[in-house]
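Read off the chains here:
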Amino acid sequence: MEWSTILGTIVGAIVGLISVFLADHLRWRREDKSQLLQARQQVYVDFLAALSKAHSEMRSVAFRGELSDTERRNALLEAIDASGIWRLRQSVSLIGSRQLMHEVVVAARKLEGVCEALSLDADVSSDRYIKARNKLWAANAALRESMRKDLGIAGDPDPDVHAYRHLGN
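Residues numbered from 1 in each chain as written. Predicted model: local features only at pLDDT ≥ 70, side-chain atom pairs only at ≥ 80, totals over all residues. Heavy atoms only, no water.

Asker: Please provide a residue-by-residue account of the overall build of the protein chain, values included.
Answerer: Per the secondary structure count, the protein chain includes six helices and zero strands. Reading the helices (α) and strands (β) of the protein chain from amino to carboxyl end gives α-α-α-α-α-α. Computed over its C-alpha atoms, the radius of gyration of the protein chain comes to 26 Å, more than 25% above the 15 Å expected for a compact globule of 169 residues. The principal-axis extent of the C-alpha atoms belonging to the protein chain is close to 100 × 30 × 20 Å. Expressed as a percentage of the 169 residues in the protein chain, the buried residues total 31%. Of the accessible surface of the protein chain, which amounts to about 10800 Å², a share of 56% is contributed by carbon and sulfur atoms. (Helix = DSSP H or I, 4+ residues; strand = E, 2+ residues; numbered from the N terminus. Rg over C-alpha atoms; globule rule 2.2 N^0.38 Å. Buried < 20%, exposed > 50% of the residue type's maximum accessible area, 1.4 Å probe, protein only. Areas by Shrake-Rupley, 256 points an atom, 1.4 Å probe, with all protein chains shown as cover.)

Asker: Hey, could you go over the packing of helix 4 (residues 98-120) against helix 5 (residues 127-151) for me, with residue numbers and the actual values?
Answerer: For any two helices packed against each other, one specifies the inter-axial angle together with the distance between the axes. The geometry of helix 4 relative to helix 5 is characterised by a closest axis approach of 8 Å and an angle of 160° between their N-to-C directions. Judged on the interaxial angle alone, helix 5 and helix 4 are roughly antiparallel. In this structure, helix 4 meets helix 5 at a crossing whose hand is left-handed. Contacts from Leu-100, Glu-103, Val-104, Val-106, Ala-107, Lys-110, Leu-111, Gly-113, Val-114, Ala-117, Leu-118 and Leu-120 in helix 4 reach Arg-128, Tyr-129, Ala-132, Arg-133, Lys-135, Leu-136, Ala-139, Ala-142, Leu-143, Ser-146, Met-147 and Asp-150 in helix 5. (Axes fitted to C-alpha atoms, helices over the stretch in contact; angles between N-to-C directions. Parallel < 35°, antiparallel > 145°, perpendicular 65-115°, else oblique. Left-handed = near helix turned anticlockwise from the far one by under 90°. Contact = heavy atoms within 4.5 Å.)

Asker: Lay out the pattern of salt bridges in plain terms, naming residues and giving numbers.
Answerer: In the structure shown here, the tally under the stated rule is four salt bridges. For Arg-64, the salt bridge is made with Glu-66, and the minimal N-O distance between the two is 3.7 Å. Glu-66 sits in the exposed class, given a relative accessible area of 60%. In this structure, Glu-116 and Arg-73 form a salt bridge, with 3.2 Å as the shortest nitrogen-oxygen distance. Of this pair, Glu-116 sits in helix 4 while Arg-73 sits in helix 2 (residues 69-83), and the two are 43 residues apart along the sequence. For Glu-116, a relative accessible area of 36% translates into the label partly exposed. (Salt bridge = Lys/Arg side-chain N within 4 Å of Asp/Glu carboxyl O.)

Asker: Outline helix 5, supporting the account with residue identities and numerical values.
Answerer: Between its first and last C-alpha, helix 5 extends 36 Å over 25 residues, near the 36 Å set by a 1.5 Å rise per residue. Just past helix 5, the residue Gly-152 takes up positive phi, approximately 75°. (Expected span 1.5 Å × (residues − 1).)

Asker: Tell me what's going on with the packing of helix 2 against helix 4, and back it up with residues and numbers.
Answerer: Remark: helix 2 packs on helix 4, axes separated minimally by 9 Å, with the N-to-C direction vectors making an angle of 160°. It follows that helix 2 is roughly antiparallel to helix 4 by the angle criterion. Considering the relative orientation of helix 2 and helix 4, their crossing is right-handed. Counting all contacts with helix 2, which are made through Arg-72, Arg-73, Leu-76, Leu-77 and Ile-80, the residues of helix 4 involved are Leu-111, Cys-115, Glu-116, Leu-118, Ser-119 and Leu-120. The class makeup of the residues in the contact of helix 2 with helix 4 is seven nonpolar, one polar and three charged. (Nonpolar A, V, L, I, M, F, W, Y, C, P; charged D, E, K, R; others polar.)

Below, the structure is given as C-alpha cells:
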C-alpha cells in the first residue's frame, strides 16, 4: 500500500473534521448572538411595560379621592414598586449600553417626578402633573429610540416620538 494514499486519507479526514467543528462553532456563535438579542429585546420591552404600568397605576391612585396625603404618597410609591421597574432597571444595567442605561435612569427619575407631582397635588390636570408627565413621555420616547437602535431595528420610529421628544422642554 502506498503511503501517499494513506496520508491523503488522513489529511482528508482531518480537513473534514476541522470543517465540521468550524461550522458547528459558527452556528453556535450565531445562535448565541440571536439568543442575546432576544433576551435584550425582552428586558427592554419589560422595562417599558413596567414604566407604563407604574405611571398608569399612579394615575389610578390620584383618582382615589378618599386618601390622605400620606396614604396617597405611600400608594404612589407602592405603584412604582409593584411595577417591577427597579428590578428591570437592574436587568437593563447588565445587558444595555452605557448610553442606554443613562436613558433608563433618566426615565426612572422622570417617573419619580410624576410621583412627586401627584404626591403634592392629586389633580391630573394640574400644571405640575402635566409638566412632569410630559418630561416622562419625552424621556420614554428617547429611551425607545435608543432601544430600537441598540436592537438594530430599522424603519420609522413611533410616529409620536417626535411630538413626545419636544414635550419635555
